[in-house]
Amino acid sequence: MKIVLFGGSFDPWTSAHQEIAERLSALYDRVIIIPTAIRYYKYNQQMFSFDERYKAAKEKTQKLKNIKLLDIEKNIDEVWRFIDTLEAVRRIYGLENEYYVAIGSDSLQKFTTWTSWEKILQAAKLLVFNRPGYAENLPDIPFEYLPMENPISSTEIRNKIRNGELTEY
């Protein structure tokens, strides 16, 4: 079975996240969406609580038959890293499956700074979705590129909400 881990802050869940979830659902056997509790690169910029973000992702993906949401990171401590999430998922679903990790090209730029990034690549293949402005300085590591149509970002939406420019997203 081909299983994709799609993690992120999802703060808030956007139409771009929806596009990625739908595309992954159509291409792979199982898609596991994992909202994160700790935002390592955008610490203290959270707008919505973990429960609000989890609920939004669940509501938006409930019609996709092969999507599973995990709250595995809800109560993690600061020593927890993505490799811990990946290993936990592999224990739950079985080591015999083929694992993939879906990230944006912004995350790919920083991937070699992730704890145990080499170990992640041994356990899973990277699926990279393009993000506008993040096509440069990509590390020389194996990944499969998946273009997407929707360039919206959660950061952009959070800024518009804070500035009163957006009430629905």
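Structure: above.
Residues numbered from 1 in each chain as written. Predicted model: local features only at pLDDT ≥ 70, side-chain atom pairs only at ≥ 80, totals over all residues. Heavy atoms only, no water.

A few words on the overall build of the protein. A tally of regular secondary structure across the protein gives six helices and six strands. The buried share of the protein, reckoned over its 169 residues, is 44%. Sequence-distant contacts in the protein: of pairs separated by 6 or more residues, those separated by 24 or more amount to 72%. If you sum the accessible surface of the protein, you get close to 9,400 Å²; carbon and sulfur atoms cover 47% of it. (Helix = DSSP H or I, 4+ residues; strand = E, 2+ residues; numbered from the N terminus. Buried < 20%, exposed > 50% of the residue type's maximum accessible area, 1.4 Å probe, protein only. Contact = heavy atoms within 4.5 Å. Areas by Shrake-Rupley, 256 points an atom, 1.4 Å probe, with all protein chains shown as cover.)

One can find Thr36 in the loop between β2 (30–35) and α2 (50–61). On the basis of relative accessibility, which here comes to 13%, the residue Thr36 falls in the buried class. Not counting residues within four places of it along the chain, the set of residues in contact with Thr36 comprises Gly8, Ser9, Phe50, Arg53 and Glu73.

Another aspect to go through is the pairing of strand β4 (residues 98–104). In terms of burial, β4 is largely enclosed, as six of its seven residues are buried. Pairing geometry for β4 and strand β5 (residues 125–129), over five bridges, is parallel. Each bridged residue has a counterpart across the sheet, and for Ala102 the counterpart in β5 is Leu127. (Pairing = 2+ DSSP bridges.)

Let us now look at the sheet that holds β4. With parallel pairing, the six strands of this open sheet are ordered in space as β3-β2-β1-β4-β5-β6. Both outer strands of the open sheet, β3 (67–69) and β6 (144–146), are each paired with one neighbouring strand and no more. Each strand of the sheet is rotated relative to its neighbour by a mean of 25 degrees, with strand direction disregarded. Both strand β1 (residues 2–8) and β4 contribute to a ladder of five bridges, which runs parallel. Within the sheet, the bridge partner assigned to Phe6 lies in β4 and is Ala102. With respect to the sheet, helix α1 (residues 15–27) is in contact with β1, β2, β3, β4, β5 and β6, its orientation differing from that of β1 by roughly 170 degrees. The strands touched by α2 within the sheet are β2 and β3, with β3 carrying the most contacts at an inclination of about 165 degrees. (Axes fitted to C-alpha atoms, helices over the stretch in contact; angles between N-to-C directions.)

Let us look at helix α3 (residues 82–93). The first and last C-alpha atoms of α3 sit 16 Å apart over twelve residues, in line with the 16 Å expected at 1.5 Å per residue. Of the positions making up α3, those classed as buried are Phe82, Ile83, Thr85, Leu86, Ala88, Val89 and Tyr93. As for α3, its buried residues are in contact with β1, β2, β3, β4 and α5 (117–123). (Expected span 1.5 Å × (residues − 1).)

Next up on the list: the pairing of β2. Here β2 lies mainly inside the structure; five of its six residues are buried. Bridge count between β1 and β2: six bridges; the pairing is parallel. Across the sheet, residue Gly7 finds its bridge partner in β2, namely Ile34. In this region the chain leaves β1, passes through α1 and returns to the parallel neighbour β2; the handedness of that crossover is right-handed. Here β2 runs beside β3; their pairing, made up of three bridges, is parallel. Within β3, the residue paired with Val31 across the bridge is Ile67. (Right-handed = clockwise from strand over helix to strand, strands pointing away.)

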